[in-house]
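Inside the fold
Okay, here's what each chain looks like letter by letter:
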Amino acid sequence: MLLKFLASATTAVPLLPEQATAATPSISMVASASTGPLITSVVTSEASAASGPKPIQIPSPQPWPGVVTCGNRQGLYAGYWQISAYEVVGFIWLAGRVRLTLSNCRPVQMNESGELVGEIVRRYDRQAFRWANGILQPLGFLGGTDGQGGRVSTVAAISAGGVIAGSSTTDTANSHAWRIVRGQMQDLGTLGGNYSTATAVNDLGQVAGASARPDGTTHAFAWSNGRIYDLGTLGGSSSTARAVNNTGWVVGSSATASGGLRAYLWRQGSMTDLGVLPGDQFSEAVAINRQGDVLVHSIGDRQRAFVWTAGRRTEISLPTEGFEPAGLTDNGLVAGTIQAPAGGSRAATWHQGVLRERGSLGGSYSSVLATTVNGALLGSSASVDNSQHAAVWPPDPGA
């Protein structure tokens, strides 16, 4: 299996309370780990029989395995084919056919305007890029050396307005988070340590990520209005950020005082432990939507998931099979992959208590990497001969 665009908003709502200070050791208060009531989802017969629109195969020019990584509601999708251990070919697909191929390019994310960001991948290095209106633009570096592998930049996300976030080497041989606004790459700095990395950006241009601190530990950060803020932990030594919504709420995972790993929601200076499902040992946040609903991956003997909404958890699971979550839309649709006990997997969606299998291209497995804002599923699927193909599941009107 494979591994699972330039203008800023003119104003930004402050992400943190006015009394907070930049790069403080920990600005967060840890809220009670009480996870609230648990609701078990209503699993219908649709979970055991494929339903909804069938997957569409995006054919490759050679027998290369492929995956769709991103797309938008207009039906523009992008992904890549893995042609060797070190080589990829990116593609852009629209209305039934591949419109463009991009040598050595791995698409990462696309916004609703069709701006695409990703990475130019070579054997020893990589460089972030932006593609829009038929033009591929390498995004450069914060610095680095001229030696082999001495300059590397990666991309994490792009906002609706085209603000791009990523990470790059610097002249001091470290890696720092950056964002690009109107073509200018801005170093976001660190929490006092020697590196930082960006993982998400919202439509206000606020960036979330993780950074080293002076003591060598790694904490989640949020960057807003020229300042970087330490979000703290759930009592352990480390935390990371996964996503940030337009309210400035950040989700991710954090070590706890007892040594566990828990999903958290950070808002207004407080980090809340979102817990795990009964019997599980670890959890991690996967996504947060505009309303503040959080999709959480709960891990134990098998993979499970739940949606956290205002202190209430709704479980997404089957009696014996696992469910690996991949994305959450603003209307509450969850995209993911059902894991069968005997092997194999199937793309699936969950919405309002109903889990629906979405089928494959005829083979024994399919998997979902992401979802678009209107509920299209993006990923890969096996065909009848069990070869892997890039695949898109169109939005399901019944979900």
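Residues numbered from 1 in each chain as written. Predicted model: local features only at pLDDT ≥ 70, side-chain atom pairs only at ≥ 80, totals over all residues. Heavy atoms only, no water.

1. Here we look at the overall build of the protein
- Helices and strands together make up the secondary structure of the protein, namely 0 helices and 34 strands.
- Counting the 399 residues in the protein, one finds 56% classified as buried.
- Of the roughly 16000 Å² of accessible surface on the protein, a fraction of 51% belongs to carbon and sulfur atoms. (Helix = DSSP H or I, 4+ residues; strand = E, 2+ residues; numbered from the N terminus. Buried < 20%, exposed > 50% of the residue type's maximum accessible area, 1.4 Å probe, protein only. Areas by Shrake-Rupley, 256 points an atom, 1.4 Å probe, with all protein chains shown as cover.)

2. Digging into the confidence of the model for the protein
- Looking at the protein, the pLDDT average stands at 89 and 87% of residues meet or exceed 70.
- In this model, residues 1-14 is a region of pLDDT below 50 whose contacts with residues beyond four sequence positions or in other chains number 56 contacts.
- Contacts of residues 17-27 to residues separated by more than four positions or lying in other chains number 26 contacts, the stretch itself having pLDDT below 50. (pLDDT = per-residue confidence, 0-100. Contact = heavy atoms within 4.5 Å.)

3. Describing the packing of aromatic side chains
- In this structure the tally under the stated criterion is 3 aromatic pairs.
- When the centroid spacing of 6.3 Å and the interplanar angle of 50 degrees are considered together, the rings of Trp64 and Trp81 count as tilted. Of this pair, Trp64 sits in the loop between strand 3 (56-58) and strand 4 (66-71) while Trp81 sits in strand 5 (residues 76-82), and the two are 17 residues apart along the sequence.
- Taking relative accessible area as the criterion, Trp81 reaches 1% and is therefore assigned buried.
- Pairwise contacts between aromatic rings join Trp64, Trp81 and Phe91 into one cluster.
- For the cation-ring pair, Arg106 lies above Tyr80, with the distance from its terminal atom to the ring centre recorded as 5.5 Å.
- Directly above the ring of Phe306 sits Arg313, whose terminal nitrogen or CZ lies 5.6 Å from the centroid. (Phe/Tyr/Trp six-rings, centres within 6.5 Å; stacked < 30°, edge-to-face > 60°. Lys NZ or Arg CZ within 6 Å of the ring centre and 35° of its normal.)

4. A short note on the pairing of strand 20 (residues 235-244)
- Bridging between strand 20 and strand 21 (residues 250-256) involves 6 bridges; their strand directions are antiparallel. Paired with Ala241 across the strands is Gly252, a residue of strand 21.
- As consecutive antiparallel partners, strand 20 and strand 21 are separated by 5 residues, and within that stretch Gly248 has a phi angle of approximately 90 degrees, a positive value. (Pairing = 2+ DSSP bridges.)

5. A word on the sheet that holds strand 5
- Across the sheet, 4 strands lie side by side as 4-5-6-7; this open sheet has antiparallel pairing. The sheet is open, and its two borders are formed by strand 4 and strand 7 (97-103), each paired with just one other strand. Ignoring strand direction, the axes of neighbouring strands in this sheet form an average angle of 25 degrees. (Axes fitted to C-alpha atoms, helices over the stretch in contact; angles between N-to-C directions.)

6. Some details on the pattern of salt bridges
- Following the criterion strictly, the structure yields 12 salt bridges and no others.
- One salt bridge in this structure joins Glu119 and Arg126, with 2.9 Å as the shortest N-O distance.
- Beyond isolated ion pairs, a larger network of salt bridges with shared partners links Asp203, Arg290 and Asp330. (Salt bridge = Lys/Arg side-chain N within 4 Å of Asp/Glu carboxyl O.)

7. Comments concerning the environment of Val244
- Mapped onto the secondary structure, Val244 falls in strand 20.
- Taking the relative accessible area as the measure of exposure, Val244 reaches 11% and is therefore buried.
- Distance in space between the C-alpha atoms of Val244 and Ala222 is 8.7 Å, their sequence separation being 22 residues.
- In contact with Val244, other than residues within four places in its own chain, are Ala200, Val201, Asn202, Gln206, Ala208, Trp249, Val250 and Ile288.

8. Examining the pairing of strand 10 (residues 126-132)
- The buried count for strand 10 comes to 6 of 7 residues, which makes it a mostly enclosed element.
- Sheet topology note: the strand 10/strand 11 (residues 135-138) ladder contains 4 bridges and is antiparallel. What sits directly across from Trp131, in strand 11, is Leu136.
- The hairpin formed by strand 10 and strand 11 contains 2 residues between the paired strands, and Asn133 there has a positive phi angle of roughly 55 degrees.

9. Re the sheet that holds strand 12 (residues 153-158)
- In spatial order, the strands read 12-13-14-15; together these 4 strands make up an open sheet with antiparallel pairing. Every interior strand has two partners, whereas the edge strands, strand 12 and strand 15 (184-187), have only one. Across the sheet, the mean angle from the axis of one strand to that of its neighbour is 30 degrees, orientation sign disregarded.
- As paired elements, strand 12 and strand 13 (residues 164-169) share 5 bridges and run antiparallel to each other. Looking at the pairing, Ser153 lines up with Ser168 of strand 13.

10. Focus on unusual backbone geometry
- Even without being glycine, Asn225 reaches a positive phi, approximately 50 degrees.
- Assignment of secondary structure puts Asn225 in the loop between strand 18 (218-224) and strand 19 (227-230).
- By relative accessible area, which is 48% here, Asn225 ends up partly exposed.

11. Regarding the environment of Gly189
- You can see Gly189 is positioned in the loop between strand 15 and strand 16 (196-201).
- Here the alpha-carbon distance between Gly189 and Arg227, two residues 38 residues apart in the chain, equals 8.9 Å.
- Those residues in contact with Gly189 that sit more than four places away from it in its chain are His176, Ala177, Ser196 and Ile228.

12. Some details on the side chain of Arg346
- Inspection of the secondary structure assignment puts Arg346 in strand 30 (residues 345-351).
- Overall, the relative accessible area of 18% leaves Arg346 in the buried class.
- Of the polar contacts made by the side chain of Arg346, one reaches the side chain of Glu357; its length is 3.4 Å. (Polar contact = N/O pair within 3.5 Å; in protein donor to acceptor, adjacent residues only side chain to side chain.)

13. Remarks on the environment of Ile180
- Positionally, Ile180 belongs in strand 14 (residues 175-181).
- Residue Ile180 is classed as buried on the basis of its relative accessible area, which comes to 2%.
- Distance from Ile180 to Gly205, taken between C-alpha atoms, is 9.4 Å for residues 25 residues apart in sequence.

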